[in-house]
Amino acid sequence: MSRIGKRPITVPAKVQVTVDGTKVSVKGPKGELSRELPNHVIVSQEGEILTVSRRDDSRTSRQMHGLSRTLVANMVEGVSKGFERRLEIQGVGYRAQVQGRTLVLNMGYSHQVQIAPPEGVNFAVENNTNVIVSGYDKEVVGNTAAKIRAVRPPEPYKGKGIRYSGEVVRRKAGKTGKGGKK
């Protein structure tokens, strides 16, 4: 039995969950999410507790069990608390700012990079170098943060670029600086 899949999901008081066959809809104070789960799993609701079980012991059912439980748990957590990813910008002259809802990045290119947030995602900037991507859908928040990081990924020699908060960038040694032939 999947260790993750057999754990029950507790639904907070402010969240409403609707299970219709393989479609699970979750509505809460932050927003509303719905997802079509594979036919290999069964979602059942008993009061404030959701359980995800598998139909049979086939390989695909076992693979989908833990995944489906995690997806439903992320939906419940997202509409109640929300998710956020933090990014750090390092480098001289690199900075970010929010204009309206759009994130504007100055990353050493000849132009400013503008990123419009998808539905349900908000940007915030602290000290011109810390970007906070927040929203209620974990998948969309993570993808948006990855797109921002892809504008200027951290390079291995000086470590300049955009990195996730807490990300460790492996550094390389530069040139050795030895003299030429004599």
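Here's a quick rundown of the structure. (Residues numbered from 1 in each chain as written. Predicted model: local features only at pLDDT ≥ 70, side-chain atom pairs only at ≥ 80, totals over all residues. Heavy atoms only, no water.)

**Brief notes about the overall build of the protein chain**
For the record, the criterion: Helix and strand assignments follow DSSP, with helices taken as H or I runs no shorter than four residues and strands as E runs no shorter than two, numbered in order from the N terminus. Accessible area is worked out with a 1.4 Å probe on protein chains only. A residue is then buried under 20% of its type maximum, exposed over 50%, and partly exposed in between. Contacts between residues were defined by any pair of non-hydrogen atoms, one from each residue, lying within 4.5 Å. The accessible surface values rely on the Shrake-Rupley method and a 1.4 Å probe; as for residues, cover is taken only from the protein chains in view. In this count, Lys and Arg are taken as positive residues and Asp and Glu as negative ones, while His and the chain termini are left out. By convention, the charge on Lys lies at NZ, on Arg at CZ, on Asp at CG and on Glu at CD.
Of regular secondary structure, the protein chain possesses 2 helices and 13 strands. Projected onto its principal axes, the C-alpha coordinates of the protein chain cover approximately 80 × 45 × 20 Å. Looking at the protein chain as a whole, 34% of its 182 residues are labelled buried. In the protein chain, the proportion of contacts linking residues at least 24 apart, taken out of those at least 6 apart, comes to 51%. Taken as a whole, the protein chain presents about 11,400 Å² of accessible surface, with 47% of it coming from carbon and sulfur. If you average the places of the 32 positive and of the 16 negative side-chain charges in the protein chain, the two averages end up 14 Å apart.

**Here's the deal with the packing of aromatic side chains**
The following threshold applies: Only rings of Phe, Tyr and Trp enter the pairing, Trp through its six-membered ring, and a pair is recorded when the two centres are within 6.5 Å. The plane angle decides the type: under 30 degrees is stacked, over 60 is edge-to-face, the rest tilted. For a Lys NZ or an Arg CZ to count as sitting over a ring, it must be within 6 Å of the ring centre and within 35 degrees of the ring normal.
Under the definition given, this model contains 0 aromatic pairs. Directly above the ring of Y164 sits R85, whose terminal nitrogen or CZ lies 4.4 Å from the centroid. Just above the ring of Y109 sits the side chain of R152; from NZ or CZ to the centre is 4.4 Å.

**Side note on the sheet that holds strand β6 (residues 49–54)**
Note the following rule: What makes two strands pair is DSSP finding at least two bridges between them. Fitting a line to C-alpha atoms yields each axis, with helices limited to the stretch in contact; the angle taken between N-to-C directions then spans 0 to 180 degrees.
The 3 strands lie next to each other as β1-β6-β5, forming an open sheet whose pairing is antiparallel. Each edge of the open sheet is held by one strand with a lone partner, namely β1 (9–10) and β5 (41–46). Where β5 and β6 come together, 6 bridges link them in antiparallel fashion. Among the inter-strand pairings, V43 is bridged to a residue of β6, identified as V52. Helix α1 (residues 59–80) contacts β1, β5 and β6 of the sheet and is inclined by roughly 160° relative to β6.

**Quick word on the sheet that holds strand β13 (residues 161–164)**
The strand order across the open sheet built from 4 strands is β11-β12-β7-β13, with neighbouring strands paired in antiparallel fashion. The open sheet has two free edges, formed respectively by β11 (121–126) and β13, since each of these has just one partner strand. When strand polarity is set aside, the average angle formed by the axes of neighbouring strands in this sheet is 25°.

**Here's the deal with the side chain of S61**
For S61, the position within the fold is in helix α1. By relative accessible area, which is 1% here, S61 ends up buried. Ignoring sequence-local partners within four residues, the contact set of S61 consists of H40, R54 and D56.

**Some details on the pattern of salt bridges**
This is how it is decided: The term salt bridge refers to a pairing of a side-chain nitrogen on Lys or Arg with a carboxyl oxygen on Asp or Glu at a separation within 4 Å.
Enumeration according to the criterion identifies 5 salt bridges in this entry. The closest approach of N and O atoms between E139 and R35, which form a salt bridge, is 2.9 Å. With E139 in helix α2 (residues 138–151) and R35 in strand β4 (residues 32–36), this pair connects stretches of sequence that are 104 residues apart.

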